[in-house]
Amino acid sequence: MSLPEDEVKAPVLFLFAHHDDEIFIATLIRRLTDEHGQVACAWLTRGGLGGREREAESHRAVETLGVGRNSLFFFRLPDGKALDYLDEIVNRLTRLLVKLRIVSVFVPAFEGGHPDHDTAQLAVALSIRLLPGGISLYEFPLYNRYHTRLFRVGEFIPDAASTTRWTSMKLRDRLLKRKLSHFFASQRLILVPLLGLKGGPMMLHLKGEPFRRVPVGRDYRRRPHAGRLAYEYFTRYRFGQFAEKVRR
Ligand SMILES: [Zn+2]
C-alpha cells in the first residue's frame, strides 16, 4: 500500500502566510525532506513587531525539519494585509515556482480562518494558472469556524471534490510538533490557546496530519462555509472584500 506522502512529487514548495503556520504540516515536511530533500519553504508576511525574531524562529523550526537554509524565502509583507498585495505576491510567486521548478505546492486551506491564509491559497492558484501546467496544489487545515461556536483546529471543512489523506505520525513526530511550538516564543500567546483546543501540539492531528488536493477550478468567490468566518470576528476584513479582489 502506498503512503499518502508517496503521491507528492518533488520539488515541493510549502507556502505559508505566517511564521508558525508550518507547525500544522511539520510531519509531512520532515517526511519529504527525509525522502528526497527537494523541499523549499516561503513565508508571505514578516509578522508584527517581532519580524526578525519570527524569521529566526522559522529558520530554527524548518532547519529542524531538515530544510536547507538556502531553500527558505521571505516575502516580508505586512502581517494581516496580504490581500492588499495580491498582485505582487502572484508575480513573485510565479517567478519562484519557475526558478525552483516546483511541481507540488502546499498552502493553508481556504477556510476563512485568517485572510492571509486564504490569500496565500488564492495567490498560488492564480500563479499556477499562469504557468504551463503540471503543478499540483495541496492544502492543509489550520483553523476555521465551520459548524462550531469556537474554533476547529487542524480539521478540514468537508469538500466532496477532494479526498483527505493523513500522514501517519509516530511518537517522535508528536514530540517534534511540541518542540516546534516552543520555538515560536513570540507567538506563544496566540498558539498555545489555539493548540490547547486540541489538548496541545502533542495531541494535534490524532489520526495523522491531514492534507488534500485543492480541486482544480475552485471558486474563490464563494464563502468557504456558511455563516460568519473566523476572521470576520477578529479582523476588519469581510469575505466580500476577498471576493471582490477575486472578481478583479
Ligand atoms: Zn497563520
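Above this text is the structure in question.
K.L.:
When you look at the overall build of the protein chain in this model, what are you seeing that I'm missing?
P.N.:
Assigned secondary structure in the protein chain consists of eight helices and nine strands. The C-alpha atoms of the protein chain give a radius of gyration of 17 Å, which matches the 18 Å a tight globule of 248 residues would have. Viewed in the frame of its principal axes, the protein chain has a C-alpha envelope of about 45 × 40 × 40 Å. Buried positions account for 57% of the 248 residues belonging to the protein chain. Of the roughly 11,500 Å² that the protein chain leaves accessible, carbon and sulfur atoms contribute 53%. Across the protein chain, the 40 positively charged side chains and the 27 negatively charged ones have centroids separated by 1 Å.

K.L.:
Teacher, can you tell me more about the coordination of the zinc ion here?
P.N.:
Coordination of the zinc ion by the protein involves His18 (ND1), Asp21 (OD) and His117 (NE2), with metal-donor separations of 2.1 Å. For the zinc ion, all donor residues lie on one chain, and their spacing in sequence is H-x2-D-x95-H. Take His18 and Asp21: they sit in the same class, and that class is buried.

K.L.:
I'm lost on the side chain of Thr27 in this one. Help?
P.N.:
Secondary-structure assignment places Thr27 in helix 1 (residues 26-35). For Thr27, the contacting residues outside a window of four places in its chain are Thr167, Ser168, Met169, Asp173, Lys177 and Glu209.

K.L.:
I keep staring at the sheet that holds strand 1 (residues 12-16) and nothing clicks. Help me out?
P.N.:
What holds strands together in a sheet is hydrogen bonding between their backbones, with the strands either parallel or antiparallel. Taken together, the seven strands give an open sheet; going across it, the order is 3-2-1-4-5-9-8, and neighbouring strands pair in mixed fashion. Each edge of the open sheet carries a strand with a single partner, namely strand 3 (72-77) and strand 8 (165-167). Direction aside, neighbouring strands of the sheet carry axes that sit 25 degrees apart on average. One ladder, built from five bridges, connects strand 1 with strand 2 (residues 39-45); its direction is parallel. Of the residues in strand 2, the one forming a bridge with Leu15 is Ala42. Relative to the sheet, helix 1 contacts strand 1, strand 2, strand 4 (104-108), strand 8 and strand 9 (209-213), its axis offset from that of strand 1 by approximately 155 degrees.

K.L.:
Where do I start with the packing of aromatic side chains in this structure?
P.N.:
Any aromatic ring pair is given by two values, namely how distant the centres are and how the planes are angled relative to each other. Scanning all chains against the criterion turns up 12 aromatic pairs. With a centroid separation of 5.9 Å and 75 degrees between ring planes, the pair formed by Tyr138 and Phe211 is classed as edge-to-face. Here Phe211 lies in strand 9 and Tyr138 lies in strand 5 (residues 136-140), a separation of 73 residues in the sequence. For Tyr138, a relative accessible area of 1% translates into the label buried. Given the relative accessible area of 0%, Phe211 is considered buried. Aromatic side chains Tyr143 and Phe151 sit 5.5 Å apart centroid to centroid with 85 degrees between the ring planes, which places their arrangement in the edge-to-face category. Judged by its relative accessible area of 11%, Tyr143 falls in the buried class. Clustering of aromatic rings is evident, with ring pairs tying together Phe14, Phe16, Trp43, Phe74, Phe106, Tyr138, Phe140 and Phe211. Here Arg92 stacks its cationic end above the ring of Phe75, 4.6 Å away from the centre of that ring.

K.L.:
So what exactly am I meant to see when it comes to the environment of Ser58 here?
P.N.:
By the secondary structure assignment, Ser58 is in helix 2 (residues 51-64). By relative accessible area, which is 0% here, Ser58 ends up buried. Sequence separation of Ser58 and Leu171 is 113 residues, and the distance between their C-alpha atoms is 22 Å. Excluding residues within four positions of it along the chain, Ser58 makes contact with His19, Asp20, Glu22, Trp43 and Phe184. In terms of polar contacts, Ser58 uses its side chain to reach the side chain of Trp43, at 3.4 Å.

Reading the values: rules and limits
- Residues numbered from 1 in each chain as written.
- Predicted model: local features only at pLDDT ≥ 70, side-chain atom pairs only at ≥ 80, totals over all residues.
- Heavy atoms only, no water.
- Helix = DSSP H or I, 4+ residues; strand = E, 2+ residues; numbered from the N terminus.
- Rg over C-alpha atoms; globule rule 2.2 N^0.38 Å.
- Buried < 20%, exposed > 50% of the residue type's maximum accessible area, 1.4 Å probe, protein only.
- Areas by Shrake-Rupley, 256 points an atom, 1.4 Å probe, with all protein chains shown as cover.
- Lys, Arg positive; Asp, Glu negative; His and termini not counted.
- Charge placed at Lys NZ, Arg CZ, Asp CG, Glu CD.
- Donors = N, O, S within 2.8 Å, 3.2 Å for Na, K, Ca; no water.
- Contact = heavy atoms within 4.5 Å.
- Pairing = 2+ DSSP bridges.
- Axes fitted to C-alpha atoms, helices over the stretch in contact; angles between N-to-C directions.
- Phe/Tyr/Trp six-rings, centres within 6.5 Å; stacked < 30°, edge-to-face > 60°.
- Lys NZ or Arg CZ within 6 Å of the ring centre and 35° of its normal.
- Polar contact = N/O pair within 3.5 Å; in protein donor to acceptor, adjacent residues only side chain to side chain.

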